[in-house]
Amino acid sequence: MKKLLLACMAWSCLSLSAQAHEIWIERDGQSGPVRVYFGEPAEAPAADTEDELGRLKHFKVFGTQGKAGQASRAGDHLLAPLAAAGDAWLFDDQVFEPWQGEDKRYEAVSYYARAGRSSPSSRLAFELVPTSAHADSFTLKFNNKPLANTEITVIDQARAQTTLKSDAQGRVVLPSLAKGRYIVVAAHKEPVQKQIAGQQVATMHHISTLTFAVE
């Protein structure tokens, strides 16, 4: 019984961790290397927080004209060299192994991240896409289709949060923003029937971030 309880607690913690965490990327001035972060951007890191960057082993970073080079550790983030200027994108669906939900069926998570809003093009399966270059309005797209009535969270540098929702056309307009760097987060839960890491998965959690700076 004790082993079963511990196993259930482990599965529960894994589920909460996978759904609470985000991957976000940053790029200064739309050029140079891409910084890759993993954690909870709205929460101040605790002194005893587990270092989970080691989970990021299979992510793919790319830009408008090619893939990033091999990433290296740089303090609290990973640094991926990217030659082409412009926006950058990341995808990773292997951060966490599938886990059992409360209904005992397996769930899994895919992470998506974008830095910059200079391109109105979509490069990810789940993404906030600017309606025009450097716009404050976006379309939330899932599999290249607008995703309506979905909660979107804007996090500023002080970790203050503003909650918005996409409209019937998947559009969202950000409020007037002060200078600083922002992270915009969206999540979508999808029923599926697919094999992942040897498990039959019934639910996919899709978590997408967009980062940009207001000068």
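Before any of the text, the structure's been laid out above.
Source: prediction; values computed, not measured.

A few points about the packing of aromatic side chains
Phase 1: Under the counting rule described, the total for this entry stands at nine aromatic pairs.
Phase 2: Between the aromatic rings of Trp24 and Tyr37, the centroid separation amounts to 5.4 Å while the plane-to-plane angle is 10°, which identifies the pairing as stacked. One end of the pair, Trp24, is in strand S1 (residues 22-26); the other, Tyr37, is in strand S2 (residues 34-39), and 13 residues separate them in sequence. Of the two residues, Trp24 and Tyr37, both sit in the buried class.
Phase 3: Ring centres 5.4 Å apart and planes at 40° place the aromatic pair Phe91 and Tyr112 in the tilted group. In this pair, Phe91 is assigned in strand S7 (residues 88-92) and Tyr112 in strand S9 (residues 106-115), connecting sequence segments 21 residues apart.
Phase 4: Taking relative accessible area as the criterion, Phe91 reaches 24% and is therefore assigned partly exposed.
Phase 5: Put simply, the rings of Phe91, Tyr112, Phe126 and Phe142 pair up and form one aromatic cluster.
Phase 6: Cation over ring: Arg123 sits above Trp89, and NZ or CZ is 4.8 Å from the ring centre.

Some thoughts on the pairing of strand S13 (residues 151-155)
Phase 1: In terms of residue burial, S13 counts as a mostly covered element, since four of its five residues are buried.
Phase 2: With five bridges joining them, S13 and strand S14 (residues 161-165) adopt antiparallel strand pairing. Bridge pairing links Ile152 to Leu164 in S14.
Phase 3: Between S13 and the antiparallel strand that follows it, S14, lie five residues; Arg159 among them carries a positive phi value of about 70°.
Phase 4: When S13 meets strand S16 (residues 180-196), the two strands line up antiparallel, connected through four bridges. Paired with Ile152 across the bridge in S16 is Ala186.

Quick notes on the sheet that holds strand S5 (residues 72-74)
Phase 1: A sheet is described by the order of its strands in space; here four strands give the open sequence S1-S2-S6-S5, paired in antiparallel fashion. For this open sheet the edge positions go to S1 and S5, each flanked by a neighbour on one side alone. Sheet twist, expressed as the mean angle between neighbouring strand axes with direction ignored, is 35°.

Section: the nonpolar core
Phase 1: Core analysis: the biggest nonpolar cluster contains 29 residues, and Ile23, Ile25, Val36, Phe38, Leu56, Leu90 and Tyr111 have the highest contact counts within it.
Phase 2: Mapped by element, the contributors of at least two residues to this core are S1, S2, strand S6 (77-80), S7, S9 and S16.
Phase 3: If we ignore the near neighbours within four places in the chain, the residues touching Ile25 are Val34, Arg35, Val36, Ala88, Trp89, Leu90, Ala113, Arg114, Ala115 and Thr211.
Phase 4: Phe126, Tyr182, Val184 and Val214 belong to the second largest nonpolar core, which has 21 residues in total.

Structural notes on the pattern of salt bridges
Phase 1: Enumeration over the complete set of coordinates arrives at nine salt bridges.
Phase 2: Here Asp136 makes a salt bridge to Arg117, at a shortest N to O gap of 2.7 Å. On the criterion of sequence distance, the pair formed by Asp136 in the loop between strand S10 (126-130) and strand S11 (137-142) and Arg117 in the loop between S9 and S10 is long-range, its members being 19 residues apart.
Phase 3: For Asp136, a relative accessible area of 38% translates into the label partly exposed.
Phase 4: Looking at Arg117, the relative accessible area reads 11%, which means it is buried.
Phase 5: Salt bridges sharing common partners tie together Glu26, Asp28, Arg35 and Arg181.

Some details on the environment of Glu151
Phase 1: Its place among the elements puts Glu151 in strand S13.
Phase 2: Separated by 15 residues in sequence, Glu151 and Ser166 have C-alpha atoms that sit 6.6 Å apart.

Rules and cut-offs
- Residues numbered from 1 in each chain as written.
- Predicted model: local features only at pLDDT ≥ 70, side-chain atom pairs only at ≥ 80, totals over all residues.
- Heavy atoms only, no water.
- Phe/Tyr/Trp six-rings, centres within 6.5 Å; stacked < 30°, edge-to-face > 60°.
- Helix = DSSP H or I, 4+ residues; strand = E, 2+ residues; numbered from the N terminus.
- Buried < 20%, exposed > 50% of the residue type's maximum accessible area, 1.4 Å probe, protein only.
- Lys NZ or Arg CZ within 6 Å of the ring centre and 35° of its normal.
- Pairing = 2+ DSSP bridges.
- Axes fitted to C-alpha atoms, helices over the stretch in contact; angles between N-to-C directions.
- Core = buried A, V, L, I, M, F, W, Y, C linked by side-chain atoms within 4.5 Å.
- Contact = heavy atoms within 4.5 Å.
- Salt bridge = Lys/Arg side-chain N within 4 Å of Asp/Glu carboxyl O.

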